[in-house]
Amino acid sequence: MLRQASLFEKAPAVKISPDFRKRLSLLSQDSRFDLAGSCAKDPLGQGRKRGPLGRWLYPVVLPNGRRMTLFRTLLSNQCFSDCAYCPLRQERDFLRLSLRPEEIADAFMSLWRRKIVHGLFLSSAIFAHPDKVMEEFITVARILREKEGFGGYIHLKVVPGASEAAIETAAKFANALSLNVETSSPERLAQLSQAKKFEKIWQGMNQLKKLKERFLFSQTTQFIVGAAGETDAEIILQTERLYRQLKLNRVYFSAYQPGLGKQDLPGEFLARQNNFLLREHRLYQVDFLLRKYGFSAREIPLKNGFLPLEKDPKELWAESHPEFFPVNINKASYKELLRVPGIGPTIARRILEARKESYLKNISVLFPNKKLFQKALPYIVT
Ligand code: SF4
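Residues numbered from 1 in each chain as written. Predicted model: local features only at pLDDT ≥ 70, side-chain atom pairs only at ≥ 80, totals over all residues. Heavy atoms only, no water.

Labelled according to an unreviewed UniProt entry, the chain appears under the name Radical SAM core domain-containing protein, originating from Thermodesulfatator autotrophicus. Regarding the chain, the relevant UniProt record gives this comment under Cofactor (unreviewed entry): "[4Fe-4S] cluster". (UniProt positions renumbered as here; feature names shortened; annotations may be inferred.)

Caption draft 1: Looking closely at the packing of aromatic side chains. Applying the stated rule across the entire model yields 12 aromatic pairs. Aromatic pair F253 and Y284: ring centres 5.1 Å apart, planes at 80°, arrangement edge-to-face. Within this pair, whereas F253 is found in strand β7 (residues 250–255), its partner Y284 is found in helix α10 (residues 276–292), the two being separated by 31 residues in sequence. Residue F253 shares its accessibility class with Y284, and that shared class is buried. When the ring of W317 is compared with that of F324, the centres are 5.4 Å apart and the planes differ by 75°; the resulting orientation is edge-to-face. The buried category is assigned to W317, whose relative accessible area is 5%. The structure contains a cluster of three or more aromatic residues connected by ring pairs, namely F295, W317, F324, F325 and Y379. The residue whose ring lies beneath R339 is F295, and the NZ or CZ to ring-centre distance is 3.7 Å. (Phe/Tyr/Trp six-rings, centres within 6.5 Å; stacked < 30°, edge-to-face > 60°. Helix = DSSP H or I, 4+ residues; strand = E, 2+ residues; numbered from the N terminus. Buried < 20%, exposed > 50% of the residue type's maximum accessible area, 1.4 Å probe, protein only. Lys NZ or Arg CZ within 6 Å of the ring centre and 35° of its normal.)

Caption draft 2: Examining the pairing of strand β3 (residues 119–123) more closely. In terms of residue burial, β3 counts as a mostly covered element, since five of its five residues are buried. Here β3 shows two buried faces, one formed by G119, F121 and S123 and the other by L120 and L122. Here strand β2 (residues 67–74) pairs with β3 via five bridges, running parallel. Within the sheet, the bridge partner assigned to L70 lies in β3 and is G119. (Pairing = 2+ DSSP bridges.)

Caption draft 3: Structural context of the environment of F20. Checked against the element boundaries, F20 lands in helix α2 (residues 18–30). Look at F20 and you get buried, because its relative accessible area is 6%. For the pair F20 and A107, spaced 87 residues apart in the sequence, the C-alpha separation amounts to 9.7 Å. Residue contacts for F20: discarding those within four places in its chain leaves L99, E103 and A107. (Contact = heavy atoms within 4.5 Å.)

Caption draft 4: Region of interest: the site of the ligand. With respect to spatial proximity, the complete set of residues near the ligand consists of C79, S81, C83, Y85, C86, L88, R89, A125, I126 and K196. Considering only residue class, the shell around the ligand consists of seven nonpolar, one polar and two charged. (Near = heavy atom within 4 Å. Nonpolar A, V, L, I, M, F, W, Y, C, P; charged D, E, K, R; others polar.)

Caption draft 5: Region of interest: unusual backbone geometry. Put simply, F325 and P326 share a cis peptide bond, and its omega is 0°. Inspection of the secondary structure puts P326 in the loop between α11 (313–319) and β8 (327–328). The backbone phi angle of E182 is positive, close to 70°, even though this residue is not glycine. Here E182 shows up in the loop between β5 (176–178) and α6 (186–192).

And the structure:
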């Protein structure tokens, strides 16, 4: 494991003052509340595991499936907003800090030249008018692109309430832009924030969708799961809408962490009683079913509006649809194969390829491990 203190020492081109190091450490740590990356490594919720390379380094899986290490920080943790679930909200009293765009650009280039990071993820609390915050994001991106000639990955947040002009300028520089939807409806958001407006966020996401036709970038968003007391059914329906209507590249889920927000939040009690990290993991499984397996939101098995936590939603669907099985692996279509527990897109494609060569009798060799094959076995025939 790399020690974070040693990272900049290895890159002597940039002098790192103790003051800058302190601010960067704290602001990178604060950026952990915004995932924009799957966090399914810890489905049993035994404690999140992020940033094994150091506080400001985050291994992520991008919407296109590529893995990379991002340099990740907030510009500032000073916030004029009031999101009830967020520990950075204005009413709280703690040390507020900021970084200058030039400092971030220098630090990033220093790490990038050493091949310690591959890209940048820049976010911020709302320390000024949304356009001012966007202007600082853009300044960092402009320095990297125009002064340093950096052609790699830059992910910028879009601040709710930013003007169309500011969003468009950011789109010219970024590989990915994210505007967080936060929750499932205007009513739910009103329970969490008076400052953020669901319609405005949706409007911004719509603009991003249109900009994608002119500029090449991925559009992502994130739900804070459970803070407003919303059900999984509400989140899943909204997720489907985001993919179908707004053509989002990825939707991320961040389980509300009890104790971080106001104690009277609708979801606070539920979050203390239930394993919200496992809930987050189940939502990621559903996200795969919607994006890659041809499922619709209405097909996802729920109990009282929530995903049963004890089992994978695809397995639950299979158990409740005996009429669909067994699937004949020599005749089934790609879509039918994807409905079989243990068979994902890779194995389904392997089956279709192998079928071209010969009649399949034993397909165990097409599975990467025995566990997946055992899962599929009760649902297939040759
Ligand atoms: S805008 Fe809301 S979520 Fe973002 S830092 Fe401020 S209080 Fe937190």
